[in-house]
Amino acid sequence: MSDVSAVNGASEGLQLKKIDDYEEIKIPVPWGHIAAKWWGSQGVQPIVALHGWQDNCGTFDNLAPLLKQKGHSIICIDLPGHGFSSHLPPGHKYYIWWDGIHYLRRIVQYFKWKDIVILGHSLGGGIAFLYAAAYPKEVKKYISIDLASPSIRNVKKCCDVLGPAIDKFLSYENLEPDSVPAYPYNVMVDILQDAHKGSVSRKGCEILLRRGMLPAKNRDGYCFTRDPRLKLAALGFMTIEQVIELASRIVCEVMNIKAVHGHKPDVPAHYDLILDTIENQAKIVQRHVVEGTHHLHLNDGSSVSEIIHNFLVS
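Residues numbered from 1 in each chain as written. Predicted model: local features only at pLDDT ≥ 70, side-chain atom pairs only at ≥ 80, totals over all residues. Heavy atoms only, no water.

Within an unreviewed UniProt entry, the label attached to the protein chain reads AB hydrolase-1 domain-containing protein, and the organism entered is Dendroctonus ponderosae. Its UniProt record gives the protein chain the following Sequence similarities (unreviewed entry) comment, quoted word for word: "Belongs to the AB hydrolase superfamily." (UniProt positions renumbered as here; feature names shortened; annotations may be inferred.)

S.K.: Describe the pairing of strand 4 (residues 74-77), and please don't skip the residues or the numbers.
M.R.: Because side chains alternate across strand 4, one face comprises the buried residues Ile74 and Cys76, and the other comprises Ile75 and Ile77, equally buried. Note that strand 2 (residues 32-39) and strand 4 share four bridges and pair antiparallel. In the strand pairing of strand 4, lysine 37 is matched with cysteine 76. Taken together, the four bridges between strand 3 (residues 47-50) and strand 4 define a ladder with parallel strand orientation. (Buried < 20%, exposed > 50% of the residue type's maximum accessible area, 1.4 Å probe, protein only. Helix = DSSP H or I, 4+ residues; strand = E, 2+ residues; numbered from the N terminus. Pairing = 2+ DSSP bridges.)

S.K.: An account of the UniProt feature "domain: AB hydrolase-1" (unreviewed entry) in the protein chain is needed here, citing residue identities and associated values.
M.R.: Mapped onto this numbering, the UniProt entry annotates "domain: AB hydrolase-1" (unreviewed entry) at residues 46-147. Secondary structure within residues 46-147 divides into 33% helix and 21% strand; the distance between the first and last C-alpha atoms comes to 22 Å.

S.K.: Talk me through the packing of helix 8 (residues 240-247) against helix 9 (residues 269-279); I want residue IDs and the actual numbers.
M.R.: Here helix 8 crosses helix 9 at 30 degrees, and the two axes come no closer than 8 Å. In terms of orientation, helix 8 lies roughly parallel with respect to helix 9. Where helix 8 approaches helix 9, its residues Ile240, Val243, Ile244 and Ala247 are matched on the opposing element by His270, Leu273, Ile274, Thr277 and Ile278. Its residues assigned to classes, the contact of helix 8 with helix 9 comprises seven nonpolar, two polar and no charged. (Axes fitted to C-alpha atoms, helices over the stretch in contact; angles between N-to-C directions. Parallel < 35°, antiparallel > 145°, perpendicular 65-115°, else oblique. Contact = heavy atoms within 4.5 Å. Nonpolar A, V, L, I, M, F, W, Y, C, P; charged D, E, K, R; others polar.)

S.K.: Could you give an account of the environment of leucine 208, naming the residues involved and the relevant values?
M.R.: Here leucine 208 shows up in helix 7 (residues 202-212). Each C-alpha atom of the pair leucine 208 and threonine 277 lies 34 Å from the other, and the pair is 69 residues apart in sequence. Among all residues touching leucine 208, those that are not within four sequence positions of it are Asp55, Asn56, Gly58, Thr59, Leu192, His196 and Leu298.

S.K.: Before we move on, could you go through empty space enclosed by the protein and cite the residues and values that matter?
M.R.: Overall, the coordinates contain two cavities of 30 Å³ or more when judged by the stated rule. Reported here for the largest cavity is a volume of approximately 90 Å³. Gln54, Asp55, Asn56, His82, Gly83, Leu192, Leu208, Leu209, Gly212, Phe224, Thr225 and Arg226 together form the lining of the largest cavity. By residue class, the composition of the lining of the largest cavity is four nonpolar, six polar and two charged. Leu79, Pro80, His82, Tyr94, Ile96, Asp99, Tyr103, Leu123, Ile127 and Leu230 are the residues that line the second largest cavity. Secondary structure elements with two or more residues in the lining of the second largest cavity: helix 2 (96-111) and helix 3 (123-134). With three residues, helix 2 is the single largest residue contributor to the lining of the second largest cavity. The residue inventory of the lining of the second largest cavity, partitioned by class, reads eight nonpolar, one polar and one charged. (1 Å grid on protein atoms, 1.4 Å probe; cavity = no way out; pocket = protein on both sides within 12 Å on 5 of 7 lines; lining within 4 Å. Points joined across faces, edges and corners; volume = space filled by probe spheres on them.)

S.K.: Give a detailed account of the pattern of salt bridges, specifying residues and quantitative values.
M.R.: Applying the stated criterion to the full structure yields 16 salt bridges. The closest approach of N and O atoms between aspartate 160 and lysine 156, which form a salt bridge, is 2.8 Å. Here aspartate 160 and its partner lysine 156 are both found in helix 4 (residues 155-160), four residues apart, which amounts to about one turn of the helix. Judged by its relative accessible area of 58%, lysine 156 falls in the exposed class. Residue arginine 287 is joined to glutamate 279 by a salt bridge in which the shortest nitrogen-to-oxygen separation is 2.9 Å. Residue classification places arginine 287 among the partly exposed positions, given a relative accessible area of 33%. (Salt bridge = Lys/Arg side-chain N within 4 Å of Asp/Glu carboxyl O.)

Spelled out as structure tokens, the structure:
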């Protein structure tokens, strides 16, 4: 291990495979497994990459190879209910932001990692924020792409959704496997592209569908692999007071990448307020504004690969 640098996920002098080589792995959890793609050397602690809501780890397919080429090791996770990871058991609900803390904690404890480095897009960036606040002494650095924190809603909105969100969740339990729609491939791409409202290129949608769909059972066409229960994310939102308190507990090095045509918070001023709060006690907060949409890292990995690399080795 003499060729491993002091930076998590970076190595020097290793004979790397082809740039697009990775290994599929499965991490056991009580309800099944968490699937992942490991890019680069497995002889060094990797960067942990977490994708956005209803995406999968394919979101890093255009970025991870570029970081690998620079000597980094990256494990890209399919969060439970996404991609090729197991869905939660029947009767369980996804609280997407809060759940991410214990998903990541399980992964860290499974591999016995210390001083972790996290790369998160959207939901994944919010999970990185929460983990760094919950375990401030155990995160060395995190990078958040186009999100400053978990999504914020005012108190009235948080309360208004309670009944309808629970009833909608219960209605999903009555869905029979054969009632899940199946579509031809081109229609699947159309649906995904329309859902992202211009954030993801058609090529990017095709990349996400490599893990985002499977052939339908006993029918023609394809079905989405993601758990339909993921659509009901409203009960996981937070108030600005919660987020600011959590932000005040983050002490690691932080880099935030904001897309010019990216996600628009309900209250735009909250974005900088949260980063300002982190900056009060964190070792460093780097802020970058980069041309592109919410999925700029998927549409063009080179748009962010250099600034991410520089932050990782700084």
